[in-house]
Amino acid sequence: MIGKMTRRSALALALLSAASLPSQATETIKAVVIDGYPARALWVQEFTNFFIPEVDKRLAATGNYKMDWQESYGGSIVKPKGVLEGVKLGLGDIGIVTTIFHSSKLPSQAIAAVTPFVSADSRAVAKAVDEIAKEFPTMQKEFEAQNQVYLATGVVLDTYQVFSKEPVNVVSDLEGQKVAGAGMNLRYLEGIEGAAGVRGGLTDFYNMLQTGLVDNALLWPEAAKTFKIAEVAPYMLKADLGAVNSKTITVNKDYWDKLPDEVKGALEEVAVAYRDHVAAIAMDRAEESRNAYVESGGTVVEMDPAQRAAWASAMPNIAVEWATDLDGKGEPGSDMLKAYLAKLAAAGFTPVRDWSADLPQ
């Protein structure tokens, strides 16, 4: 009897001791996320609604870490063009960089922009660009030079279209016109007599059209719906200029180096999932957004295939210019271009113009 009591007492004492031991505390890690665009922008909304919960879910599985997310959008810390510099300086730990604003610092990010009239499928373009970034070191090196770690490329638009104040049906209708754009897509106007590109940000386009600063704007239907473009540009030419990677998730290098491996892994995994998630939403919303544009008073005109081919042929071969410029800097630009077009071809997309045909042999 005494033996039984002793065993029971020992067991009770062991359980009491175990209960009194402190459990391993969950470490909280602060993360300041920045973008200059407003919270209603698709990619920002989905960072809040998808990226953050997915990271939290992965970290909760082990309970070792939890994130203290501090989201700052809409110019509260940086303007749209200031995200790259903001992350570089540590004003934000994680940023959604709009790469089309930084062609000189991030030249390789223009790979989809310099190959228009290939694919209007944002899912295919996002996957192809991100694979190029993983297979060739060039893109990651460019972000390293900006004190940042590349996570994933995002495509948030199904394809650029032409939105205008007056009807545009054929390429010649753009002659002598002023067209708003951002970055490389302004070069699509070269070869159209008298057409002048006017650089601006997405948040500026409504006012640029309303005030007559421009006659047309290059943007995509989801953005046209979000920013009520039908009110100032009631005509859309469905030219299917192509989906373009325009967002990249990056992390400040100094911040990244201090993160535990488990957190790094969660961020890397979710960045790829976010890439595909946002691209899929962009495609799902494409038809819905075009319908909403029409319901808001807009008129959609389908561009004749021969006119698309004429537009592509009139342009300088900006893809070869891009590739040979990178080649001259010791980067594999030509190989990247050929690999990228091959990925899209394998996915079933035939370019209106073979941009790699003019590469030096």
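To be clear, the structure that these remarks concern was listed above.
Keep in mind that what you see is a predicted model, and the values were worked out from it rather than measured. (Residues numbered from 1 in each chain as written. Predicted model: local features only at pLDDT ≥ 70, side-chain atom pairs only at ≥ 80, totals over all residues. Heavy atoms only, no water.)

Examining the nonpolar core
Filter applied, for reference: Take the buried residues of types Ala, Val, Leu, Ile, Met, Phe, Trp, Tyr and Cys, join any two whose side-chain atoms come within 4.5 Å, and each joined set is a nonpolar core. A simple rule labels every residue: compare its accessible area, found with a 1.4 Å probe on the protein chains alone, to the largest value its type can have, and call it buried under 20%, exposed over 50%, or partly exposed in between. Should any heavy atoms of two residues lie within 4.5 Å, those residues are counted as being in contact.
Among the nonpolar cores identified, the biggest contains 126 residues, and W43, F47, W69 and W311 are the most heavily contacted of them. Contact partners of W43, with chain neighbours within four places excluded, come to D35, Y37, I96, V156, L202, W220, K247 and Y274.

Remarks on the pattern of salt bridges
Let me state the cut-off plainly: A side-chain nitrogen of Lys or Arg and a carboxyl oxygen of Asp or Glu constitute a salt bridge if their distance falls within 4 Å. A helix here means a DSSP run of H or I that spans at least four residues, while a strand means a run of E at least two residues long, and both kinds are numbered starting from the N terminus.
Scanning all chains against the criterion turns up 22 salt bridges. Between D276 and R275 there is a salt bridge, and its shortest N-O distance comes to 2.7 Å. We classify R275 as buried; its relative accessible area is 8%. Two residues, K338 and D335, come together in a salt bridge whose shortest N-O distance is 4.0 Å. Here K338 and its partner D335 are both found in helix α12 (residues 333–346), 3 residues apart, which amounts to about one turn of the helix.

Overview of the sheet that holds strand β3 (residues 94–98)
For clarity, the threshold we go by: Any two strands are treated as partners once DSSP identifies two or more bridges connecting them. The angle between two axes is taken between their N-to-C directions and runs from 0 to 180 degrees, where each axis is a line fitted to C-alpha atoms and a helix contributes only its stretch in contact.
Across the sheet, 5 strands lie side by side as β2-β1-β3-β10-β4; this open sheet has mixed pairing. At either margin of the open sheet sits one strand with a lone partner, and together these are β2 (65–72) and β4 (148–154). Within the sheet, the average angular offset between the axes of one strand and its neighbour, ignoring direction, is 25 degrees. Both β3 and strand β10 (residues 247–252) contribute to a ladder of 5 bridges, which runs antiparallel. Counterpart to I96 in the pairing with β10 is I249.

Focus: the pairing of β2
Worth spelling out the cut-off: The definition of a right-handed crossover adopted here requires that, viewed with the strands pointing away, the path from the first strand over the helix to the second runs clockwise.
Taken together, the 8 bridges between strand β1 (residues 27–34) and β2 define a ladder with parallel strand orientation. Opposite V33, over in β2, you have E71 as the bridge partner. Each parallel crossover has a hand, and the one from β1 via helix α2 (residues 42–60) to β2 is right-handed.

Focus on the packing of aromatic side chains
What counts, and what does not: Any pair of Phe, Tyr and Trp rings, taking the six-membered ring for Trp, is counted once the centres come within 6.5 Å. Such a pair is stacked with planes under 30 degrees apart, edge-to-face with planes over 60 apart, and tilted for the rest. Note on criteria: charge over ring means Lys NZ or Arg CZ within 6 Å of the ring centre, with the direction from the centre no more than 35 degrees off the ring normal.
Evaluation of the coordinates by the stated rule reveals 9 aromatic pairs. Centre to centre, the rings of F117 and W311 are 5.8 Å apart; their planes meet at 65 degrees, and the pair counts as edge-to-face. Of the two residues, F117 sits in the loop between β3 and α4 (122–135) while W311 sits in helix α10 (residues 305–314), which places them 194 residues apart along the sequence. By relative accessible area, which is 1% here, F117 ends up buried. Ring plane angle 80 degrees and centroid distance 5.2 Å describe the contact between F163 and Y293, whose orientation is recorded as edge-to-face. Of the two residues, F163 is situated in strand β5 (residues 160–164) and Y293 in helix α9 (residues 261–295); the sequence distance between them amounts to 130 residues. One aromatic cluster is present, formed by F47, F51, W69 and Y274 through successive ring pairs. Taking the ring centre of W43 as reference, the NZ or CZ of K247 above it sits at 3.8 Å.

A look at α9
Convention followed: Helices are assigned an expected span. That span is 1.5 Å times one less than the residue count. To get the bend at a given residue, fit one axis to the seven residues ending there, fit another to the seven starting there, and take the angle between those axes.
Between its first and last C-alpha, α9 extends 49 Å over 35 residues, near the 51 Å set by a 1.5 Å rise per residue. A286 marks the point of greatest bend in α9, at about 40 degrees. A positive phi of about 110 degrees marks G297, the residue just after α9.

What about the sheet that holds strand β11 (residues 299–302)?
Taken in spatial order, the 6 strands line up as β7-β6-β8-β5-β9-β11 in an open sheet, and their pairing is mixed. The open sheet has two free edges, formed respectively by β7 (196–199) and β11, since each of these has just one partner strand. Strand-to-strand twist of the sheet, defined as the mean angle between neighbouring strand axes without regard to direction, takes the value 30 degrees. Bridge count between β5 and strand β8 (residues 216–219): 4 bridges; the pairing is antiparallel. Bridging from a neighbouring strand, V162 pairs with L218 of β8. Along the sheet, α9 contacts β5, β9 (235–242) and β11; its crossing angle with β9, the most-contacted strand, is approximately 160 degrees.

Section: the packing of α4 against α9
Rule in force here: The scheme is simple: roughly parallel for angles under 35 degrees, roughly antiparallel for over 145, roughly perpendicular for 65 to 115, oblique for anything else. Each crossing is labelled by how the near helix is turned from the far one, with a counterclockwise turn of less than a right angle marking it left-handed and a clockwise turn marking it right-handed. As a working rule, the residues Ala, Val, Leu, Ile, Met, Phe, Trp, Tyr, Cys and Pro are called nonpolar, Asp, Glu, Lys and Arg charged, and the rest polar, with Gly in that last group.
Direction vectors running N to C along α4 and α9 enclose 155 degrees, while the axes themselves pass 8 Å from each other. On the basis of their axis angle, the class for α4 and α9 is roughly antiparallel. Crossing hand, α4 versus α9: right-handed. Here α4 contributes S122, R123, A126, K127, D130 and K134 to the contact with α9, which in turn contributes V272, R275, A279, A280, A282 and M283. Per-class residue counts for the contact of α4 with α9 are 6 nonpolar, 1 polar and 5 charged.

None of this, on its own, says anything about what the molecule does.
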